[in-house]
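Chain by chain, the residues:
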Number of protein chains: 2
Amino acid sequence: MVGVRQFDEDAVIATALDVFWRKGLHDATMQDLAEATGVQRGSLYNAYGDKEAMFLRAFDRYTGQFLEAAGNALAQGDTAAGLRHFFDMIIVNMTDGSPPRGCLTTRTALDAAISSADVRQRVQDVLTRLEQLIGKALGTAPGKRSAADANRLARVIVTYTRGLAVMERAGYSRKQLRDLAATFIDAVVANA
Amino acid sequence: MVGVRQFDEDAVIATALDVFWRKGLHDATMQDLAEATGVQRGSLYNAYGDKEAMFLRAFDRYTGQFLEAAGNALAQGDTAAGLRHFFDMIIVNMTDGSPPRGCLTTRTALDAAISSADVRQRVQDVLTRLEQLIGKALGTAPGKRSAADANRLARVIVTYTRGLAVMERAGYSRKQLRDLAATFIDAVVANA
DNA sequence: GTCAAACTTGACAATTGTGTCAAGAATGAT
DNA sequence: ATCATTCTTGACACAATTGTCAAGTTTGAC
């Protein structure tokens, strides 16, 4: 190996994730990425191909972190407690930063109509895997709920998390989102 | 009046709404609007000022229609039936067209981080007014629910509609969205 | 030390979009 | 018929972005 790469690829992708998270796939430019990473545009093209390739790498990193955190949160305490931790986690996730960065998956889903099939697929994958995580958490509760019901409910919960992400973008505060989550959990889960 | 405008402003805004609905504020170009309306770019600038001004007019038209339809749907039958009609309406609204156009408000909310304060305000206004409509519909149910609870629940329902809009963009079909709505209504409203 | 491979750099071409403007065309009022 | 006003048209200037590339630089291997 000669002419060795002069930057840490992992660090670049981590920084790129931050840029995409703040600006979105569509609005983040290679210029933005170059400035944020300190690597010249040409080098980024050389190393990754194009913007979408960089996005896919960054998004994979994001979903890995996200799904792991979701699984951990859901595993804390009983089903209801797990859900509360889960909602807490995603609300912090989307209201973090200044200004808050929102939910990258949701933003990407709405960009996705104009994105590649690859991007759309990743979005679907995250949602599916999240649904499975939640379904599993619901399924472990003692009896009372059929597996089919747990899966239906899991999808409803995923849908609600998407709703929270939109509300965040519409200007609702972390506190308001927490209220929304609490009311939802009380209504849907307590008696399920 | 001399040198009379050679196009129907109302028809232009209606067509512009369709363009914005399909492409979003950010991705619809003046070129798109000119082609769709058959009015030259220059004339559109002359008549409306800029793209955002056209969007605001189109969006106002949209929200007027939308909120009226929502009110009508909610008024049909008892509270539960009204909600079912309401969800039916919004699901048809977002899955209509080929390809489906999705929910303009939600798309705009996610664009809004990069839009003007005017645009953001409109989005908040629609959501607030929708919440009020739903709160009123819930409030008319006989006793059992305090006004405060009705308002909290109304906001939860608005949030869920936003979630459905995201799921639609993620690729869920009209049928799947209807399932999601039915499960939600059963869980949240039946026992509330 | 020399070399070849790989990376870096800055410039370039092409595209797309916005907003402006001067010249021209159309029209109701007189 | 003429005119002043308003709208229309096409061209223009400007800016942002993408993706490419040739020339230059670096570095490990020999």
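Residues numbered from 1 in each chain as written. Chains lettered and ligands numbered in written order. Predicted model: local features only at pLDDT ≥ 70, side-chain atom pairs only at ≥ 80, totals over all residues.

A. View of the nonpolar core. Of all hydrophobic cores here, the largest spans 118 residues; its most connected members are Phe20 of chain A together with Phe20 of chain B. Once you skip the residues sitting within four places of it in the chain, phenylalanine 20 of chain B turns out to touch Leu25, Ala28, Phe55, Ala58 and Leu104 of chain B. (Core = buried A, V, L, I, M, F, W, Y, C linked by C-beta atoms within 7 Å. Buried ≥ 20, exposed ≤ 12 C-beta atoms within 10 Å, placed from the backbone. Contact = placed C-beta atoms within 7 Å.)

B. View of the relation of the copies chain A and chain B. Expressed as a screw operation, the relation of chain A to chain B combines 0.0 Å of axial shift with a rotation of 180°, fitting to an RMSD of 0.0 Å. Both chain copies can therefore be described as sitting about a two-fold axis. Taking C-alpha positions as reference, the residue of chain A nearest the rotation axis is glycine 163 of chain A, located at 1.8 Å. The residues that chain A uses at the interface reappear at the interface of chain B in 100% of cases, marking a shared surface. (Least-squares fit on C-alpha atoms with pLDDT ≥ 70 in both.)

C. Representation of helix α7 (residues 117-139) of chain A in the model. Residues and elements named next belong to chain A. Its 23 residues place the ends of α7 32 Å apart at the C-alpha level, agreeing with the 33 Å of an ideal helix rising 1.5 Å per residue. Burial in α7 covers these residues: Arg122, Val123, Val126, Leu127, Leu130, Leu133, Ile134, Gly135, Ala137 and Leu138. As for α7, its buried residues are in contact with α4 (51-74), α5 (79-95), α6 (104-111) and α8 (147-169). (Helix = DSSP H or I, 4+ residues; strand = E, 2+ residues; numbered from the N terminus. Expected span 1.5 Å × (residues − 1).)

D. Spotlight on the interface of chain A and chain B. In this assembly, 33 residues from chain A lie in contact with 33 residues from chain B. Looking at the side of chain A that touches chain B, the elements with two or more residues in it are α6, α7, α8 and α9 (174-188) of chain A. Along the lines of polarity and charge, the residues of the side of chain A that touches chain B split into 19 nonpolar, 7 polar and 7 charged. (Nonpolar A, V, L, I, M, F, W, Y, C, P; charged D, E, K, R; others polar.)

E. Region of the structure containing the packing of α8 of chain A against helix α8 (residues 147-169) of chain B. Where α8 of chain A contacts α8 of chain B, the two axes come as close as 7 Å, and the packing angle between them is 105°. As judged from the angle between their axes, α8 of chain A and α8 of chain B are roughly perpendicular. For the pair formed by α8 of chain A and α8 of chain B, the contact residues are Thr159, Tyr160, Arg162, Gly163, Leu164, Val166 and Met167 of chain A on the first element and Thr159, Tyr160, Arg162, Gly163, Leu164, Val166 and Met167 of chain B on the second. Residues belonging to the contact of α8 of chain A with α8 of chain B are distributed by class as follows: 8 nonpolar, 4 polar and 2 charged. (Axes fitted to C-alpha atoms, helices over the stretch in contact; angles between N-to-C directions. Parallel < 35°, antiparallel > 145°, perpendicular 65-115°, else oblique.)

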